[in-house]
Amino acid sequence: MARIVTVGAAQMGPIAKEETRNEVIDRLVAHLREGKRRGCDLVVFPELTLTTFFPRWFYEDQADIDRWFESEMPGPETKRLFDEAKALGLAFKLGYAELIEEEGRTRHFNTAILVDKSGAITGKYRKIHLPGHAEHEPWRQFQHLEKRYFEPGNLGFRVFDALGGRFGMCICNDRRWPETYRVMGLQGVEMVLLGYNTPVHNPPAPEHDAFGWHHNTLVMQSGAYQNATWVVGVAKGGTEEGVPSIAGSQIISPAGITVAETLTERDELISAACDLDECASYKASVFAFERHREPANYGLITGTRGVVTPEEAERIEAEHRARWEADGA
Ligand code: CDV
C-alpha cells in the first residue's frame, strides 16, 4: 500500500517591515485553509516566516534585534496558528527566529519546527550553515547579517518519525551543501522540509545573480535524488523592502523531478500527493548506502573545513583509513 503524504508548499510573498505578527498569521491561516481544501496532511512555511527578513539591516541595539524573535512557541500571537492547524487536522512546518535561555545564557537561532496534527511540536531544527557576515558592511546595497544575529544551530541534522514517514528539516543556505542531505539520508529520511529567503543579488558575487533560480533547483533536485528522498523547498519571494528575492518553491520527488512549482512571487500554495514509498527503490538500489558507500575514503569530509594541499589531504586520509581498518569496518 502506498504511503501518501499530501504536502502543501506555502510560498509567501514579501512581508513588509511594518507588518504585524497578526497580519502575517492571517496570511498563514489562509494558506492552511487552502491546504485543507486541497486535502493536505502537511503545510510547509518558509524560513523566518513571521516577519520581514530582518538580517538585511544593521542594528546596534540588541533590543532592536530581539523584537524580530519569538521567546515562546507557541506564543500569544502564534497560538492562533497552532489552534487553526489543529482544528483543520493539519501538520505544519514553521520557520522563525528563536530567542531562548539555554545553558545559562540568552541564545538566538534561526529555527524550524515540525508540528503534528494534534498541535504538538515533534521536531526542531536550528540552522547550521549561516551565510553572510558578522560586521556592518556599508558598501553593500543591503546587509546579510545572519552571522551576527544567530548562532550556528546546535541540534544537528536530526530526523523525525511523523505522518507515517521519516522527516528532516534544513533552512535556506543549508540546501546548498550536500552534507546536509547526506546526514539525513544516512538516517533514512523520506522527506526534507526547507524554507528560504534568497535575494536575487549576491553582493560579493554579482556574477552569480543570473543563475539564482537554476542553483536553487539544482541543489534541491540533486539532494533529493542522491539521498532518495522527497524535498519540499518553500520561498519567501518577491520584492521585500526594496530587495528582490527568488521564488520558485517546489516539491521534488526522489527521482530528482520537480512535480509541482509555484508560478508567482506572491502568497501561493502548491500541493502534491507524495508517496513516501517512492524512496524505497532508490534506497534499495543505486543508493543502497550500506552496500555502495566507501566511507574509509571520505576522511576529508569531516577532517577539514577548507581546502588543503594534496600532501595534507594524503595525511588526513591515511589517518582516517587507518582508523576505519583498526575498527574492522
Ligand atoms: N537566507 C539564506 O540563507 N540566504 C542565502 C543567501 C544569502 C545566499 C542562500 O543560500 O540562499
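Residues numbered from 1 in each chain as written. Predicted model: local features only at pLDDT ≥ 70, side-chain atom pairs only at ≥ 80, totals over all residues. Heavy atoms only, no water.

On to the sheet that holds strand β8 (residues 191-196). An order of β6-β7-β8-β9-β12-β13 is seen for the six strands of this open sheet, with the pairing classed as mixed. Two strands lie at the open edges of the sheet, namely β6 (159-162) and β13 (258-261), each paired on one side alone. Here the average twist between neighbouring strands, direction ignored, is 20°. Summarising the sheet, β6 and strand β7 (residues 165-171) pair through four bridges and their orientation is antiparallel. Looking at the pairing, Phe160 lines up with Phe167 of β7. (Pairing = 2+ DSSP bridges. Helix = DSSP H or I, 4+ residues; strand = E, 2+ residues; numbered from the N terminus. Axes fitted to C-alpha atoms, helices over the stretch in contact; angles between N-to-C directions.)

What follows covers the state of the cysteines. If you walk through the whole model with that rule in mind, you get zero disulfides. Free of any disulfide, Cys279 has its nearest neighbouring cysteine sulfur in Cys274, separated by 9.3 Å. By relative accessible area, which is 1% here, Cys279 ends up buried. (Disulfide = S-S within 2.5 Å. Buried < 20%, exposed > 50% of the residue type's maximum accessible area, 1.4 Å probe, protein only.)

A few words now on helix α5 (residues 178-185). Every buried residue of α5 is listed here: Thr180, Tyr181, Met184 and Gly185. Each buried residue of α5 sits inside an arc of 125° when the element is viewed along its axis, so together they form one side. Elements in contact with the buried residues of α5: β6, β7, β8, α6 (212-226), β9 (230-235) and α8 (289-292). (Arc of directions from axis to C-beta. Contact = heavy atoms within 4.5 Å.)

The biggest cluster of nonpolar side chains holds 43 residues, and the ones touching the most others in it are Leu42, Met191, Leu193, Val232 and Ile251. In this structure, Ile25, Leu88, Ile113 and Val115 belong to the second largest nonpolar core, which totals 24 residues. (Core = buried A, V, L, I, M, F, W, Y, C linked by side-chain atoms within 4.5 Å.)

What follows deals with the packing of helix α1 (residues 21-37) against helix α3 (residues 79-88). The N-to-C vectors of α1 and α3 enclose an angle of 10°; their axes lie 10 Å apart at closest approach. Considering their axes alone, α1 and α3 lie roughly parallel with respect to each other. Contact residues: α1 offers Asn22, Ile25, Asp26, Leu28, Val29, Leu32, Arg33 and Lys36, while α3 offers Arg80, Leu81, Glu84, Ala85 and Leu88. Residues that form the contact of α1 with α3 fall into these classes: seven nonpolar, one polar and five charged. (Parallel < 35°, antiparallel > 145°, perpendicular 65-115°, else oblique. Nonpolar A, V, L, I, M, F, W, Y, C, P; charged D, E, K, R; others polar.)

This paragraph deals with the sheet that holds strand β14 (residues 268-275). Pairing in this open sheet of six strands is mixed, and the strands run β5-β4-β3-β2-β1-β14 from one edge to the other. Two strands lie at the open edges of the sheet, namely β5 (121-126) and β14, each paired on one side alone. The average undirected angle you get between the axes of adjacent strands in this sheet is 35°. Sheet topology places strand β2 (residues 42-44) next to strand β3 (residues 91-102); three bridges connect them, and they run parallel. Pairing of Val44 across the sheet is with Lys93, part of β3. Lying on the sheet, α1 is in contact with β1 (4-11), β2, β3 and β14; it crosses β14 at an angle near 40°. Most of the contacts of α3 go to β3, to which it runs at about 150°, and overall it touches β3, β4 (105-115) and β5.

Mapped onto the fold, Leu145 is located in the loop between β5 and α4 (146-149). For the pair Leu145 and Arg56, spaced 89 residues apart in sequence, the C-alpha separation works out to 6.4 Å. Once residues lying within four places of it in the same chain are set aside, the contact partners of Leu145 are Pro55, Trp57, Phe58, His133, Ala134, Glu135 and His136.

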